[in-house]
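Close look at the chain arrangement
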Amino acid sequence: MTVDAAQLWTLNHRLLTVVLDEAGAELEALGLEPKEFFVLAEVTASPYPAQLAAALVIPKASVTVYVRNLVAKGFMRREIDDADLRRHRLVLTDDGVAARDRSFAALATAFERRLALIGPGDRAELARILTALLAPAPPASTPAASAPEETPAKETAR
C-alpha cells in the first residue's frame, strides 16, 4: 500500500486534533483556548511578538489578540526590553507558568493514551521519524525534494 504525503499529513493532523480535543476540558478549565496554550508554550523561547508569530506560523494580528487575552487573564505581562526601550518583551506570570504546565500535563496524558496503543520500539521509531521530519527540508528545486534517490541492489557474487 502506497501512502502519499497528503495522507500522512492528514493522519498526523487528525491525531493532533484528537489529542487537543481530549485535553480540551482541562484547557477550558484553565480558561485557555488551544491557540492561547500554544502562545503560552512558546513565549519563553520567543519572547517578542513578531518572533512569536514567526515561531507559531500565525499572523502578527492573531498574536496581538492572543497576547491581549493572556495579559487580561493574568497569564502574561509585557515588559520594556532593557536592550531596546522601544520593544516589549512578553513574560509569563507565575499563573501563566502554572497554566502552561497544567496544559502540557493534560496534553501529555491525552497523548499517552494514544501512545499506549503502540509498543516501546514503535515509540522510539516514532520519535526518530518525527525528529528527522523536523530537520530543515531541502529546497523544493533540488532533485532530493522531488524524487527519492534509488540505490541499486547489491549484486551477489557467483
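Here, every reference points to the structure presented above.
Heads up: these notes are all about the structure in this document. Since the structure is predicted, the reported quantities are computational estimates derived from the model, not experimental observations.

**Points about the overall build of the protein**
Secondary structure summary: the protein contains seven helices and two strands in total. Evaluated residue by residue, the protein yields a buried proportion of 22% over its 158 residues. In the protein, once contacts between residues fewer than 6 apart in sequence are set aside, the share between residues at least 24 apart is 48%. Of the roughly 11,400 Å² of accessible surface on the protein, 60% is carried by carbon and sulfur atoms.

**Considering a nonpolar patch on the surface**
Together, Leu117, Ile118, Leu126, Ile129, Leu130 and Leu133 line one region of the surface with nonpolar side chains, adding up to about 530 Å² of accessible area. Structurally, Leu133 can be placed in helix α6 (residues 120-133). Look at Leu133 and you get exposed, because its relative accessible area is 64%.

**Quick notes on helix α1 (residues 5-29)**
Look at α1: 36 Å from first C-alpha to last across 25 residues, which is about the 36 Å you get at 1.5 Å a residue. The axis of α1 is deflected most strongly, by about 50 degrees, at Ala23. Where the residues of α1 are buried, they touch α2 (34-42) and α5 (94-115). Sitting at the head of α1, Asp4 places a side-chain oxygen 3.1 Å from the backbone nitrogen of Ala6. Looking at the residues trailing α1, positive phi occurs at Gly31, about 85 degrees.

The rules behind these values
- Residues numbered from 1 in each chain as written.
- Predicted model: local features only at pLDDT ≥ 70, side-chain atom pairs only at ≥ 80, totals over all residues.
- Heavy atoms only, no water.
- Helix = DSSP H or I, 4+ residues; strand = E, 2+ residues; numbered from the N terminus.
- Buried < 20%, exposed > 50% of the residue type's maximum accessible area, 1.4 Å probe, protein only.
- Contact = heavy atoms within 4.5 Å.
- Areas by Shrake-Rupley, 256 points an atom, 1.4 Å probe, with all protein chains shown as cover.
- Patch = residues over 30% accessible without salt bridge, like charges linked within 9 Å, V, L, I, M, F, W, Y side chains within 5 Å.
- Salt bridge = Lys/Arg side-chain N within 4 Å of Asp/Glu carboxyl O.
- Expected span 1.5 Å × (residues − 1).
- Bend = angle between axes of the 7 residues up to and from the residue.
- Polar contact = N/O pair within 3.5 Å; in protein donor to acceptor, adjacent residues only side chain to side chain.

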